[in-house]
Amino acid sequence: MKKYLDDLKTALNETKRFSEAEIKDILADHEEMIGEALHSGLSEADIESKFGSPRKVAADLLESCGAKRGGEQPKDASGA
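Scope of this entry: the structure provided in the associated data block. (Residues numbered from 1 in each chain as written. Predicted model: local features only at pLDDT ≥ 70, side-chain atom pairs only at ≥ 80, totals over all residues. Heavy atoms only, no water.)

**Observations concerning the overall build of the protein chain**
As a reminder of what qualifies: Numbering of helices and strands runs from the N terminus, with a helix taken as a DSSP run of H or I at least four residues long and a strand as a DSSP run of E at least two residues long. Think of it in three bands: residues with accessible area under 20% of the maximum for their type are buried, residues over 50% are exposed, and the middle band is partly exposed, with areas taken using a 1.4 Å probe on protein chains only. Whether two residues are in contact is decided by their heavy atoms, any of which lying within 4.5 Å being enough. For the area figures, the Shrake-Rupley method with a 1.4 Å probe applies, and any residue is considered shielded solely by the protein chains shown.
Tallying secondary structure elements over the protein chain gives four helices and zero strands in all. When the helices and strands of the protein chain are listed from N to C terminus, the series reads α-α-α-α. Counting only residues that meet the buried cut, the protein chain has 28% of its 80 residues in that class. Considering only contacts in the protein chain between residues 6 or more positions apart, those separated by 24 or more positions represent 58%. Carbon and sulfur atoms form 51% of the exposed surface of the protein chain, whose accessible area is close to 5400 Å².

This is the structure:
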């Protein structure tokens, strides 16, 4: 779980669109969701297949955040 959360933090920071407070909240939410999934029997190896890659999660959050804020959409949120 730690590697996934570290990778998610990196991906969120790379967008340069989230504040440190927003990143902290997103990571806390994902840590809780992943912890519950692991407690329910999900294996560490299955985290990414259940939640999506950290880059995909960051791109989805960026898209969602842009829509809510009415802000400019990124040109390429896929990380490519």
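Having put the structure on the table, let's press on.
**Topic: unusual backbone geometry**
In the Ramachandran plot, lysine 16 falls in the positive-phi region, its phi being about 60° despite a non-glycine side chain. Relative to the assigned elements, lysine 16 resides in the loop between helix H1 (2-15) and helix H2 (20-39). For lysine 16, a relative accessible area of 73% gives the class exposed.

**Details of the packing of H1 against H2**
Heads up, the condition is: Interaxial angle, 0 to 180 degrees, is taken between N-to-C directions of lines fitted to C-alpha atoms, where a helix line uses only the stretch in contact. We call two directions roughly parallel when the angle between them is under 35 degrees, roughly antiparallel when it is over 145, roughly perpendicular when it lies between 65 and 115, and oblique otherwise. By convention the crossing between two helices is left-handed if the near helix lies anticlockwise of the far one by an angle smaller than a right angle, and right-handed if it lies clockwise. Only Asp, Glu, Lys and Arg are considered charged in this grouping, and only Ala, Val, Leu, Ile, Met, Phe, Trp, Tyr, Cys and Pro are considered nonpolar; every other residue, Gly among them, is considered polar.
For the pair H1 and H2, interaxial distance at closest approach is 10 Å and the crossing angle is 150°. One element, H1, and the other, H2, form an angle in the roughly antiparallel class. When the axes of H1 and H2 are compared, the crossing they make is right-handed. Of H2, the residues touching H1 (which contributes Tyr4, Leu5, Leu8, Lys9, Leu12 and Asn13) are Glu20, Ile23, Ile26, Leu27, His30, Glu31 and Ile34. Partitioning the contact of H1 with H2 into residue classes produces eight nonpolar, two polar and three charged.

**Focus on the pattern of salt bridges**
Here is the rule: We count a salt bridge whenever a side-chain nitrogen from Lys or Arg sits within 4 Å of a carboxyl oxygen from Asp or Glu.
For the coordinates displayed, the defined rule picks out four salt bridges. Between aspartate 7 and lysine 3 there is a salt bridge, and its shortest N-O distance comes to 2.8 Å. On the criterion of helical spacing, the pair formed by aspartate 7 and lysine 3 is a turn pair, its members being four residues apart in helix H1. Take aspartate 7: its relative accessible area is 32%, and that puts it in the partly exposed class.

**Overview of H2**
Short version of the rule: To estimate the expected span of a helix, subtract one from its residue number and multiply by 1.5 Å. Comment: arc refers to directions from the helix axis out to C-beta atoms.
Taking 1.5 Å of rise per residue, the 20 residues of H2 would be expected to cover 28 Å, and the 28 Å separating its terminal C-alpha atoms lies within 8% of that figure. All of the buried residues in H2 are Ile23, Ile26, Leu27, His30, Ile34 and Ala37. Buried positions in H2, seen along its axis, are confined to an arc of 100° and lie on one side of it. Of the exposed residues in H2, those oriented more than 90 degrees away from the buried face are Lys24, Glu32 and His39. Count one or two residues on from H2 and you reach glycine 41, which has phi positive near 115°.

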